[in-house]
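Residue-level listing of the chains:
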Amino acid sequence: MLNKVMWSIDRSNANLRAYQTEPSLFLDGWERLADDPEPPYPDGGALTPEERLALETLDIGALYAMGANPFLLWQMVRSVLVPARMGIEELIPHFRAAVEPHGYPDFST
Amino acid sequence: MAQLVGVTGLTHNPLMWRTLREGEPDDLKETARHLGEFRARVVDLAPDILVVVASDHLHMLLTSNMPAFLIGKASSMRAVHPNEERMFGLTRTTVPGAPDLARHILGTPSDSVPFDFAFSDEPWLDHSFVIPLLCLTPELDIPVVPVFTNANSPPIPSARRFAELGTLLRAAIDSAPGRDRVLIVGSGHLAHELGGPRQFLGRSPDEDFDSDALGWMAAGDLKSAIAGCSFDRLLAAGNETFQFLNFITCLSASGPRPATVAAGPETRFSALPFFWWEMG
């Protein structure tokens, strides 16, 4: 579900703004989509408590270690943080420091 | 019958494209030279159709539905996704399709190379298709058959399977009715990483892989290319290196035969691939 929720955040300008504004509210709505008897496509999904916490706090290292697709993770993080909270030159070392301790986790699905 | 008039493979790095729109810094001069040369080759060849082999970057295709290989068969296709406008400065546009050739590829029987593609009547091209197209045909006026390959979301098809894809594409083009001149365009990377510890190093994450890869293409050595592109070796070269597999499709479709251009100029974005196989 991690890849799906990151896709939902990065690929929609409206979702990106909602997540940037209040991650928890956005995630509530996204998870509710999966319970819709006639869900939109793509719909939402159920996150584990660990996934939910990592997304609420945008814990890059935790998401990476849990097997998030690296390309999708980078794009989503970049969309959320640049330029709203930092510049790209600041994000690159910030991101590297977060993922480096975890090496290359299996991101197969 | 249709005619395969050439095979090429090149980078789709969107940051390279954006940088070159603003000027020509020293580290991209060789890249710009290759792009200019390839554009001139396309003008000279005057293809009627481009068959573009590229890997959707989790834009149109997501892990909820992930085909290994998919053919787009629409007469007109959306191109560029909203986040690519935001991040890369690309502009949303449309690209003409070539549905008759796409259907022919889908229906080409082969006893020696069984192939069952997924298909889409509404393909939406991302930068892996659009950047090579903008570089080779800036007007985006040549109809395209998009061949989507999964090289971004493991489990990824084997290098041998990518080679068989090339064999199938070649057989399909050679047997297509009409007199269309077809150019195969592969889109991908040499050693490259995004979203991992080695992204944005300012150089290639694996120069040994780059050297081997250029050598396979220059020699037309499909057997060594397949042997050298195991999942583990590609991942060791960088977590985006799987997209090199699209060039194995190109090499296979060429015959295989030695590439007349096999270059990988080193840039701030890693080494950028440029391959050309002359046919005829």
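Residues numbered from 1 in each chain as written. Chains lettered and ligands numbered in written order. Predicted model: local features only at pLDDT ≥ 70, side-chain atom pairs only at ≥ 80, totals over all residues.

(A) The overall build of chain A, seen in detail. Within chain A one finds 7 helices and 0 strands. In chain A, the order of α-helices and β-strands from amino to carboxyl end is α-α-α-α-α-α-α. The C-alpha radius of gyration computed for chain A amounts to 14 Å, which stays within 12% of the reference 13 Å derived for 109 residues, consistent with globular compactness. Based on the C-alpha atoms only, the size of chain A along its principal axes is roughly 45 × 30 × 20 Å. Relative to its 109 residues, chain A shows a buried fraction of 35%. Sequence separation of 24 or more characterises 57% of the internal contacts of chain A that already satisfy a separation of 6 or more. (Helix = DSSP H or I, 4+ residues; strand = E, 2+ residues; numbered from the N terminus. Rg over C-alpha atoms; globule rule 2.2 N^0.38 Å. Buried ≥ 20, exposed ≤ 12 C-beta atoms within 10 Å, placed from the backbone. Contact = placed C-beta atoms within 7 Å.)

(B) Representation of the interface of chain A and chain B within the structure. Between chain A and chain B, the contact holds 24 residues from the first and 24 residues from the second. Among the elements of the structure, α1 (2-10), α6 (70-81) and α7 (88-99) of chain A are those that each provide at least two residues to the side of chain A that touches chain B. Looking at the side of chain A that touches chain B element by element, the count peaks at 8 residues for α6 of chain A. Across the side of chain A that touches chain B, the residue classes break down as 11 nonpolar, 7 polar and 6 charged. (Nonpolar A, V, L, I, M, F, W, Y, C, P; charged D, E, K, R; others polar.)

(C) Representation of the pairing of strand β9 (residues 181-188) of chain B within the structure. Residues and elements named next belong to chain B. The element β9 is largely enclosed, with a buried count of 7 among its 8 residues. Alignment of strand β1 (residues 3-11) against β9, held across 8 bridges, turns out to be parallel. Across the sheet, residue leucine 4 finds its bridge partner in β9, namely valine 182. Sheet topology places strand β2 (residues 49-54) next to β9; 5 bridges connect them, and they run parallel. Within β9, the residue paired with valine 51 across the bridge is isoleucine 184. (Pairing = 2+ DSSP bridges.)

(D) Main features of the environment of alanine 176 of chain B. Residues and elements named next belong to chain B. The topology assignment puts alanine 176 in the loop between α6 (159-175) and β9. A C-alpha to C-alpha distance of 5.3 Å links alanine 176 and alanine 2, two positions 174 residues apart in sequence. Excluding its chain neighbours within four sequence positions, the residues that come into contact with alanine 176 are Met1, Ala2, Leu101 and His104.

(E) Spatial organisation of the sheet that holds strand β7 (residues 124-125) of chain B. Residue and element names in this part refer to chain B. The strand order across the open sheet built from 3 strands is β5-β4-β7, with neighbouring strands paired in mixed fashion. Each edge of the open sheet is held by one strand with a lone partner, namely β5 (93-96) and β7. Where strand β4 (residues 76-79) meets β7, 2 bridges bridge the pair, whose relative direction is parallel. Considered in β7, the bridge of arginine 78 is made with tryptophan 124.

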